[in-house]
Amino acid sequence: MDFSIGEDRQMLVDTLSRYLADKADWKAREAALESEAGFDKDMWAGMAELGILGALFGEEAGGFGGSPFDIGVVFGEVGRGLPTGPFLATLLAGKLLEAAGDSETLGNVIAGASIATFAHHPAVGADGSVAPQATASGAGDSWTLSGAKGVVDYLGSADIVVVTAETGNGLGAFLVETGAAGVSVRDYPLVDGGAAGELTLDNAPARLLTGDSAAIDAALASGVVATAWEAAAVMEVLRDQTLEYLRTRKQFGIPIGKFQALQHRMATVALEIEQARSAAINAAANFDKGAAQRDRFGAAAMYTVGKVGRLVAEEAIQMHGGIGMTWELPLSHYAKRLTMLGHVMGDEDEHLARFIELGAQETNRAA
Amino acid sequence: MNLDFTPEDEAFREEVRTFLKEKLPKRLSDKVRTGQHLTKADMEEWHAILNERGWLANHWPVEWGGTGWSVMQRFIFETETAIFHAPRIVPFGLSMLAPVLIKYGTEEQCRHYLPRILDGTDWWCQGYSEPGAGSDLASLKTQAVREGDHYIVNGQKTWTTLGQHADWIFCLVRTSSEGKRQEGISFLLIDMKSPGIEVRPIKLLDGDYEVNEVFFTDVKVPVTNLVGEENQGWTYAKYLLTYERTNIAGVGASMELLDRLKDVARTTMRGGKPLAEDPFYAARLAKLEIDLENMKTTNLRVLDAAGAGHAPVAESSMLKIRGTEIRQEINDLMRRAAGRYAQPFVAEALEEGFNGEPVGPEWANPVASQYFNNRKLSIFGGSNEVQREIITKAVLGL
Ligand SMILES: Cc1cc2nc3c(=O)[nH]c(=O)nc-3n(C[C@H](O)[C@H](O)[C@H](O)COP(=O)(O)OP(=O)(O)OC[C@H]3O[C@@H](n4cnc5c(N)ncnc54)[C@H](O)[C@@H]3O)c2cc1C
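All of these numbers come straight from a predicted model, not from anything done at the bench.

Considering the overall build of chain A
Scanning chain A from terminus to terminus reveals 11 helices and nine strands. Computed over C-alpha atoms, the radius of gyration of chain A comes to 21 Å, within 12% of the 21 Å expected from 2.2 N^0.38 for 367 residues, which places it in the range of a compact globule. The buried share among the 367 residues of chain A stands at 56%. Long-range pairs, those at least 24 residues apart, make up 72% of the contacts in chain A with a sequence separation of at least 6. As displayed, chain A has an accessible area near 14,900 Å², and 52% of this comes from carbon and sulfur atoms. The positive charge centre, built from 27 side chains, and the negative charge centre, built from 48, are 8 Å apart in chain A.

Listed below in structure tokens is the structure:
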């Protein structure tokens, strides 16, 4: 057994962490949050120049990594540095470009020349109605898509979107250019920073990337690994900041960390974060062990992120008292991000149900 | 035992409902219902409507313009106004300062200040907390030094809610550093227009501005603005903190929010069926409802005891803890119900007159920011940890 991330990945981590510390500091974050795009395009370009995005993809596709642990460590640094930007969007869209063997398009994305995002979940209307799954019609090189997708990461800045749609033969993934006819985009900011949008397609021209829905499942599973590692890192930041505060904030003449009422709760927080870290490792370690096992550990990780994430975010704010409620303190931004990480790939309950379902399938097979 | 309200109470409830149907402007209840921000003018408008009916200061003695209502009537009023989405009564002048003035102030102070609170001339804010004095309030440092007919005040208050609107601030200030820390504190009324006062807004995590820092540099305050005796302010402050206890659990507001949450659970689809039929979500909702139902009766028991003259110090700590936990749980379930749509946040949609299209379900836009903002409920008004300390010591004797 080996729990080290290895030398190459450590170098990647160091490079990214230095870059983000330099380019994505607190002032840069404020500016990014104010901007229409919701992220710093120069930071993104610089990161692409360093080749960081290549770590998310395999060599055949023009990257230099692509394993679940490569993805994990990159998203860990994203969690720690808290830059906004289309990281997850790039991963999800890129994994489908990779699956389709479209290394030219993916190469542009890795190089930062093109921004890609991924549109999968149907849009939800004002009355709560869920749009029907988008549909694709056509054949060969000529397809058009119609439908509505919701909360598509950084849609307003994207040049291309990988869209999932019903082909009549299962779910397929298609490439759509945001500038094409029949594509409309409604952009908006997110509560934890960054931006997303609603995508409406009306006979929009599209290129089929893959008609194999297993490739879509695999892309989503890599998003789960990324989210679990990002969340674990955000939790560790919140833990460290809260510990520091417990040691330095004095009330009643002593550091508040001397109150047993807080000590035991902080011990629980620390314990749960170790569990979340293990869940993230499990998700990565089981990624290549067949879809059923991959998804079961993925569901376990997302359940853990939802459950532990809430605890850590709430306790971090609570133990800071009033100051934990302020915009000025980075802590509140980490807390918001962590909470929203419990939403991006589906929530705790959804993944608990999925875990049970996958377990039942396992048992049935065994029987 | 009989948990029914008396026929008189039921008649009173009808009277309140009729009033709300007739007098509560739809513009205001719509804003409250949809989570839009209330402006100062909105809050003043609602105060004026209540004042016209004589119901604004419903817990003051009749001689000062109060209603003479029983604690049960006040509970009914608070519950019904919440259910009808009336704006919350801003508590600082009405519920916090006024009871202190009535009990400890001079006749002259009451005559001067109370009518101005009622008719909205003065907007008050509460200056207790300081950067170094939160839970440990008695360590406050803002200093008032007597010079002839004035105090000279220097120091800083913080977390001052709605201080940006305020004409006056009631402050705890240090007038002596001898003896026990609690014994050198005085209760002072300070005009916010005094030279030497600076208000700086604090941006909260949801991006909104509701609290402030207030700085005092050589601020001259007439000694006639002292409430009660010098160095006795701690006693008055404690009285104030335990006074407004009927509404501390916010049961009415939670009942209303729970109804809304159930609607949301019925109309929100997840995995092809309504959330209300999702076993995990349904369990969360059910547990919340059970807790709230229990809380309602706990609250009524406390009120009943208070009506019989028992001062419910420790019980009010219990109501505060569980009441705020229930509110926060409701916010959490709203956030969960929004699913991916918890993320979009169009801040402009919280302002009146926004006519853009909602993103996702029409109720979803404010829910995540409300969830984050309401983390404050377990921090202010004496944090829930401090409340647990009170229970441990005062009730359990540990
Ligand atoms: C939105 C908001 C509005 C507010 N409005 C006002 C206002 O209008 N006027 C005003 O005067 N104040 C106001 N406050 C201030 C509020 O009363 C304080 O935030 C509160 O008393 C806690 O103090 P603190 O923030 O300094 O936290 P601290 O006292 O530093 O506490 C930090 C943490 O330590 C815990 N802790 C402290 N002591 C103990 C102990 N002995 N045992 C166990 N745990 C302990 C606390 O519970 C908390 O979790 C407001 C606060 C907020 C957030």
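Remarks on the layout of surface pockets
Approximately 1,300 Å³ is the volume found for the second largest pocket. Forming the walls of the second largest pocket are 46 residues, and the residues nearest its centre are A:His121, A:Gly346, A:Glu350, B:Arg270 and B:Arg340. Where the lining of the second largest pocket is concerned, the elements lending two or more residues are β3 (142-153), α7 (213-248), α9 (291-320) and α11 (348-366) of chain A together with β9 (269-270) and α10 (313-338) of chain B. With six residues, α11(A) is the single largest residue contributor to the lining of the second largest pocket. Within the lining of the second largest pocket, the residues separate by chemical class into 20 nonpolar, 13 polar and 13 charged.

As for α9(A)
All names here are of chain A. Relative to the 44 Å expected for 30 residues at 1.5 Å per residue, α9 spans 42 Å between its end C-alpha atoms, a close match to the ideal helical length. With 21 of its 30 residues buried, α9 lies for the most part within the structure. Immediately downstream of α9, the backbone of Gly-321 shows phi near 65°, a positive value.

Quick look at the interface of chain A and chain B
Between chain A and chain B, the residue contacts involve 50 residues of the former and 48 residues of the latter. Summed over both sides, the interface between chain A and chain B buries roughly 4,300 Å², with carbon and sulfur atoms accounting for 56% of that surface. At the boundary of chain A with chain B, the tally comes to seven salt bridges. B:Glu385 is paired through a salt bridge with A:Arg265; the nearest N and O atoms lie 2.8 Å apart.

Regarding the domain arrangement of chain A
Residues and elements named next belong to chain A. Under the domain assignment, chain A is made up of domain 1 (7-115), domain 2 (119-211) and domain 3 (215-366). Relative to domain 3, the C-alpha centre of domain 1 lies at a distance of 22 Å. Taken together, the 22 residues of domain 1 in the interface contact 29 residues of domain 3. Between domain 1 and domain 3 we count one salt bridge in total. Across the salt bridge formed by Glu-236 and Arg-80, the nearest N and O atoms sit 3.3 Å from each other. Taken together, the links from domain 1 to domain 3 amount to four residue pairs in polar contact (both at pLDDT 80 or more). Looking at the side of domain 1 that touches domain 3, the elements with two or more residues in it are α2 (26-34), α4 (68-81) and α5 (87-99). For the side of domain 1 that touches domain 3, the element with the highest residue contribution is α4, accounting for 11 residues.

Definitions and limits used
- Residues numbered from 1 in each chain as written.
- Chains lettered and ligands numbered in written order.
- Predicted model: local features only at pLDDT ≥ 70, side-chain atom pairs only at ≥ 80, totals over all residues.
- Heavy atoms only, no water.
- Helix = DSSP H or I, 4+ residues; strand = E, 2+ residues; numbered from the N terminus.
- Rg over C-alpha atoms; globule rule 2.2 N^0.38 Å.
- Buried < 20%, exposed > 50% of the residue type's maximum accessible area, 1.4 Å probe, protein only.
- Contact = heavy atoms within 4.5 Å.
- Areas by Shrake-Rupley, 256 points an atom, 1.4 Å probe, with all protein chains shown as cover.
- Lys, Arg positive; Asp, Glu negative; His and termini not counted.
- Charge placed at Lys NZ, Arg CZ, Asp CG, Glu CD.
- 1 Å grid on protein atoms, 1.4 Å probe; cavity = no way out; pocket = protein on both sides within 12 Å on 5 of 7 lines; lining within 4 Å.
- Points joined across faces, edges and corners; volume = space filled by probe spheres on them.
- Nonpolar A, V, L, I, M, F, W, Y, C, P; charged D, E, K, R; others polar.
- Expected span 1.5 Å × (residues − 1).
- Buried area = accessible area lost by both parts, 1.4 Å probe.
- Salt bridge = Lys/Arg side-chain N within 4 Å of Asp/Glu carboxyl O.
- Domains from an automatic or database assignment.
- Polar contact = N/O pair within 3.5 Å; in protein donor to acceptor, adjacent residues only side chain to side chain.

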